[in-house]
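The residues making up each chain are set out below.
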Amino acid sequence: MRLETDPYLTRYAQRVQGMSASEIRALFAVAARPEIVSFAGGMPATSALDMEAVEAVAARVIRETGATALQYGGGQGRPELRRALVEVMDHQGVPAHADDLVITVGGQQALELIAKCFIDPGDIVLAEGPTYVGGIGALTSHQADIRHVPMDADGLQVDLLEERLHALAAEGRRAKFVYVIPNHQNPAGVSMSIERRLRLAELADEHDLLILEDDPYGLLTFNGDTLPSIRSLVPSRVIYVGTMSKTFAPGVRTGWIVAPRPIRDKLVLLREAADLCPSNLTQMVVEGWLTSQPWREQIKRFREVYRDKADTMLGALGDEMPDGVTWTVPVGAFYVWLTVPRGIDTSDLLAKAISNRVAYVPGRGFYADGSGGNQMRLCFSYPEVERIAEGVQRLGELLHAELELVTAVYGDDAPQLRARRTGQASGLGG
Ligand code: PMP
């Protein structure tokens, strides 16, 4: 339905007035066709799960506790699951107590509830640039004013964050919170260095800041290492979001929030207003998985799968990409962030890419301010290893052809090309 023909237009709340499905969404429907190698969706490799074990857990939930599993539950989520999730966090070195958790419908509902809890229209949120598209969606649906702080290979540039904090204070304003994804960031594929985590924690104290720490990927470092969570450094200033989507399965839609008690209480009320309670059925499946199966081994298996896929993608990028294209080098999780010379617009290029049988997500979706036009996210977690090289080759062919066009238009003076050759580019490109 075209917007101007929408007969309900005058009735909507302000918060939905500016919302519309992007044209890119339509292209994604096409990207699901089997002949296309899709680096678009951030989907875990659920085929690497031990399906017989999952089946046994699910069957036992129904057989032994069916009446409870199919009943309503409490708004905060089952205490048994909260206790099991405390162990998952402990495996990563994230301290928490089961009373401080609120179970949510994935990390996405957690972000939405937190936005609802804190954001009035026009409130400022500082966020990494680029940042998670679903985080932008949750925040903008409550009319937040998202201001990006650039990143580089060591994650959020905290010195620039400090500048922003001073500038806001000088205007007599403050950010409601700072939204960060410190581990294997979506979409940038980089992690915040330890020094920067420590500095961020100091800044939180100095500026009386709240931090929203979104952490779906902390257990997916290829070599098994973990870095200290921001929560472990300044617990009273952090609202931490976790999810089982990437370490087990997104289909169970199980995430959680760890928050200081007063915030936790508000979040429970908000989630009861939204959907009463999380599903007992899926909570009990996750509980069964975590208490009766070797889930640490499964996470190891995921890490190996993703490391192989990352190696394949990085190798293929090195072989196939033309000069002037740069990318980040992930040490965990799902994503590579690619920057192309400025004359190329990755939103415009997507239709051509799809007809070349390869798909990605254009960079603009990861910024609230319209930047990112010469960037794209490549997600390597889902396609089979054999198809990854094929997809990168198709993308390489396309970019070679586009660059020829750009050079024909700008000549050798294309500004971005010159900057790359002389190594002047900084940050993650833009
Ligand atoms: N945060 C980030 C950074 C993510 O990448 C995702 C999923 N792609 C989520 C939150 C939400 O995931 P889910 O709702 O499946 O837990």
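Residue positions are given per chain, counting from 1 as you read along its sequence in written order. Per-residue local features of the predicted model are confined to residues with pLDDT of at least 70, and side-chain atom pairs are confined, for both listing and counting, to 80 or more; whole-chain, interface and lining totals are unaffected and use all residues. Hydrogen atoms and water are omitted, and side-chain values are computed over all heavy atoms in the structure.

## A closer look at the site of the ligand
For step 1, the next point in the chain: For each residue, the test is whether any non-hydrogen atom lies within 4 Å of the molecule or strand; if one does, the residue is near. Near the ligand there are 13 residues, and of these Gly-107, Asp-214, Tyr-217, Thr-243 and Ser-245 occur at the shortest range.
For step 2, the next point in the chain: Any pair of nitrogen or oxygen atoms within 3.5 Å is treated as a polar contact; in protein, a donor-acceptor pairing is required on top of that, and neighbouring residues in sequence qualify only through side-chain atoms on both sides. Residue Gln-108 places a main-chain N or O atom 3.0 Å away from an oxygen atom belonging to the ligand.
For step 3, the next point in the chain: Measuring from an oxygen atom of the ligand, one finds a side-chain N or O atom of Ser-245 at 2.6 Å.
For step 4, the next point in the chain: For every accessible area listed, the method is Shrake-Rupley and the probe measures 1.4 Å; residues are considered covered only by the protein chains on display. Protein burial of the ligand: of its 390 Å² of free accessible surface, 92% is covered by the chains.
For step 5, the next point in the chain: Per the convention used, a helix needs a DSSP run of H or I reaching at least four residues, while a strand needs a run of E reaching at least two, with both numbered from the N terminus. Here the element with the most residues in the shell around the ligand is helix H5 (residues 106-118); it accounts for three residues.

## Comments concerning the pattern of salt bridges
For step 1, the next point in the chain: We define a salt bridge as a contact between a side-chain nitrogen of Lys or Arg and a carboxyl oxygen of Asp or Glu at a distance within 4 Å. Taken as a whole, this structure holds 23 salt bridges when the rule is applied.
For step 2, the next point in the chain: The shortest N-O distance in the salt bridge between Arg-78 and Glu-287 comes to 2.6 Å. In this pair, Arg-78 sits in the loop between helix H3 (51-69) and helix H4 (79-91) while Glu-287 sits in helix H11 (residues 280-292), placing the two residues 209 residues apart along the sequence.
For step 3, the next point in the chain: Arg-78 gets classed as buried once you look at its relative accessible area, which sits at 14%.
For step 4, the next point in the chain: Summary of the burial criterion: residues with accessible area below 20% of their type's maximum are buried, those above 50% are exposed, and those between are partly exposed, where the area comes from a 1.4 Å probe applied to protein chains only. The exposure class assigned to Glu-287 is buried, which follows from its relative accessible area of 10%.
For step 5, the next point in the chain: Measuring nitrogen to oxygen at the nearest pair gives 2.6 Å for the salt bridge that ties Lys-176 to Asp-123. Taken as a pair, Lys-176 in the loop between helix H7 (158-170) and strand S6 (177-180) and Asp-123 in the loop between H5 and strand S3 (124-129) lie far apart in primary sequence, 53 residues in all.
For step 6, the next point in the chain: According to the relative accessible area criterion, Asp-123 is buried, its value standing at 15%.
For step 7, the next point in the chain: What you see here is one network of salt bridges that share partners, running through Glu-162, Arg-199, Glu-202 and Glu-206.

## A closer look at the packing of aromatic side chains
For step 1, the next point in the chain: Stacked, edge-to-face and tilted are the three classes for Phe, Tyr and Trp ring pairs, Trp counted by its six-membered ring, which pair at centre distances within 6.5 Å; planes under 30 degrees apart are stacked, over 60 edge-to-face, the rest tilted. In the structure shown here, the tally under the stated rule is eight aromatic pairs.
For step 2, the next point in the chain: Judged by centre distance (5.7 Å) and plane angle (50°), the ring pair of Phe-334 and Tyr-335 falls under tilted. Side by side, Phe-334 and Tyr-335 carry an identical accessibility label, which is buried.
For step 3, the next point in the chain: Here the aromatic cluster, defined as three or more aromatic residues joined through ring pairs, consists of Tyr-217, Phe-302, Tyr-306, Phe-334 and Tyr-335.

## Quick look at the confidence of the model for the chain
For step 1, the next point in the chain: Per-residue confidence for the chain averages 93 on the pLDDT scale, and 95% of its residues sit at or above 70.
For step 2, the next point in the chain: The predictor's confidence in any single residue is recorded as pLDDT, a number from 0 to 100. Two residues form a contact once any of their heavy atoms are found within 4.5 Å. pLDDT under 50 marks residues 418-425. Its contacts with residues more than four places away, or in other chains, come to nine contacts.

## Side note on the pairing of strand S9 (residues 254-258)
For step 1, the next point in the chain: The element S9 is extensively covered by neighbouring structure, given that five of its five residues are classed as buried.
For step 2, the next point in the chain: Side chains of S9 alternate between two faces, with Thr-254, Trp-256 and Val-258 and Gly-255 and Ile-257 buried alike.
For step 3, the next point in the chain: When DSSP finds at least two bridges between two strands, those strands are taken to pair. Pairing of strand S2 (residues 101-105) with S9, which is carried by five bridges, proceeds in the antiparallel orientation. Across the sheet, the residue bridging to Val-105 is Thr-254, located in S9.
For step 4, the next point in the chain: Here strand S8 (residues 238-243) runs beside S9; their pairing, made up of four bridges, is antiparallel. Bridging across to S9, Thr-243 finds its partner in Gly-255.

## Some remarks on unusual backbone geometry
For step 1, the next point in the chain: Gly-129 connects to Pro-130 through a cis peptide bond whose omega is 5°.
For step 2, the next point in the chain: Mapped onto the elements, Pro-130 comes out in the loop between S3 and helix H6 (133-140).
For step 3, the next point in the chain: In this model, Asn-186 is joined to Pro-187 through a cis peptide bond whose omega is 15°.
For step 4, the next point in the chain: Structurally, the position occupied by Pro-187 is in the loop between S6 and helix H8 (194-206).
For step 5, the next point in the chain: Although it is not a glycine, His-184 sits at a positive phi angle of roughly 50°.
For step 6, the next point in the chain: Within the element layout of this structure, His-184 appears in the loop between S6 and H8.
For step 7, the next point in the chain: Among the residues examined, His-184 registers a relative accessible area of 3% and is labelled buried.
For step 8, the next point in the chain: Positive phi is not limited to glycine here, since Asp-208 has a value of about 55°.

## With respect to the sheet that holds strand S13 (residues 361-362)
For step 1, the next point in the chain: If you trace the four strands from one edge of the open sheet to the other, you get S10-S11-S14-S13, paired in antiparallel fashion. Where the open sheet ends on each side, the last strands, each with one partner, are strand S10 (326-327) and S13.
For step 2, the next point in the chain: Two elements, S13 and strand S14 (residues 375-379), share two bridges in a ladder whose sense is antiparallel. Bridged to Val-361 within S14 is Arg-377.

## Notes on the domain arrangement of the chain
For step 1, the next point in the chain: On domain assignment, one finds that the chain holds domain 1 (9-49 + 298-413) and domain 2 (71-292).
For step 2, the next point in the chain: Start and end positions for the domains come from either an automated domain assignment or a database one. The centre of domain 1, based on its C-alpha atoms, is set 25 Å off from the matching centre of domain 2.
For step 3, the next point in the chain: Contact with domain 1, which involves 31 residues of that partner, is made by 29 residues of domain 2.
For step 4, the next point in the chain: In short, buried area is how much 1.4 Å probe accessible area vanishes from two parts on joining, totalled over both. A buried area of about 2700 Å², summed over both sides, lies between domain 1 and domain 2, and 67% of it is on carbon and sulfur atoms.
For step 5, the next point in the chain: Counting the surface domain 1 buries against domain 2, the share from its top three residues, Arg-303, Tyr-335 and Phe-366, is 23%.

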